[in-house]
Amino acid sequence: MPANQFALDAETAEFAQRWFDRLSAHEPVERLLPLVVDRDLEMAFPERTLRSHDDFQDWYRVVGESFTDQVHVVERLDARDDGDTVHVDVTVIWTATTTSDGSRNSFRATQVWDLAKTPDGLAIVKYRVGALTPLSPAEK
């Protein structure tokens, strides 16, 4: 593996871990906003598409009310650099408790990200959640 690919993989893995750790801990939204661009944002979740920091804040509030005890575990991460953007394929295991009924569920989620290189580091520009596959009891 070329040294620059190793550095890209390490930086991207660190970014993804920080992102998912903050989501899992349901940190204040102000800790997540620097990791997301405000202009030209496109975050496509099964329930809605976000296009700004305001959209993200609203979505994050609703998710925080709907789920507790969230855990995100990165299962796979592949990054490619095209110069201005880092393209990332992520598979994450998401486990959470639904507040409405107390059920605990785990899903494998595939995601595709485009990350901008900013003076402050990487930031999400595009974020698409693909398939959400329930984990079997043996996988939990």
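For the rest of this paragraph, the subject is the environment of Asp 78. With respect to the element layout, Asp 78 can be found in strand 3 (residues 67-81). The exposure class assigned to Asp 78 is partly exposed, which follows from its relative accessible area of 36%. Sequence separation between Asp 78 and Thr 12 is 66 residues, and the spatial gap between their C-alpha atoms is 8.7 Å. What Asp 78 contacts, discounting residues up to four positions off in sequence, is His 87, Val 88 and Asp 89. Here the side chain of Asp 78 touches Arg 76 through a polar contact of 2.3 Å, side chain to side chain.

Before going further, it helps to spend a moment on the packing of aromatic side chains. On inspection of all chains with the given rule, the structure shows eleven aromatic pairs. Here Phe 67 and Trp 94 contribute two aromatic rings whose centre-to-centre distance is 5.0 Å and whose plane-to-plane angle is 75°, an arrangement assigned as edge-to-face. Taken together, the residues span a long stretch of sequence, with Phe 67 in strand 3 and Trp 94 in strand 4 (residues 85-98) at a distance of 27 residues. Owing to a relative accessible area of 24%, Phe 67 belongs among the partly exposed residues under this scheme.

Once that is clear, we can look at unusual backbone geometry. The backbone of His 26 shows a phi angle near 45°, a positive value even though the residue is not glycine. Mapping His 26 onto the fold places it in the loop between helix 1 (3-24) and helix 2 (29-32). For His 26, a relative accessible area of 34% puts it in the partly exposed group. Unlike most non-glycine residues, Asp 69 shows phi in positive territory, near 50°. With respect to the helices, strands and loops of the structure, Asp 69 is situated in strand 3. The exposure class of Asp 69 is exposed, given its relative accessible area of 54%.

About the thresholds
- Residues numbered from 1 in each chain as written.
- Predicted model: local features only at pLDDT ≥ 70, side-chain atom pairs only at ≥ 80, totals over all residues.
- Heavy atoms only, no water.
- Helix = DSSP H or I, 4+ residues; strand = E, 2+ residues; numbered from the N terminus.
- Buried < 20%, exposed > 50% of the residue type's maximum accessible area, 1.4 Å probe, protein only.
- Contact = heavy atoms within 4.5 Å.
- Polar contact = N/O pair within 3.5 Å; in protein donor to acceptor, adjacent residues only side chain to side chain.
- Phe/Tyr/Trp six-rings, centres within 6.5 Å; stacked < 30°, edge-to-face > 60°.

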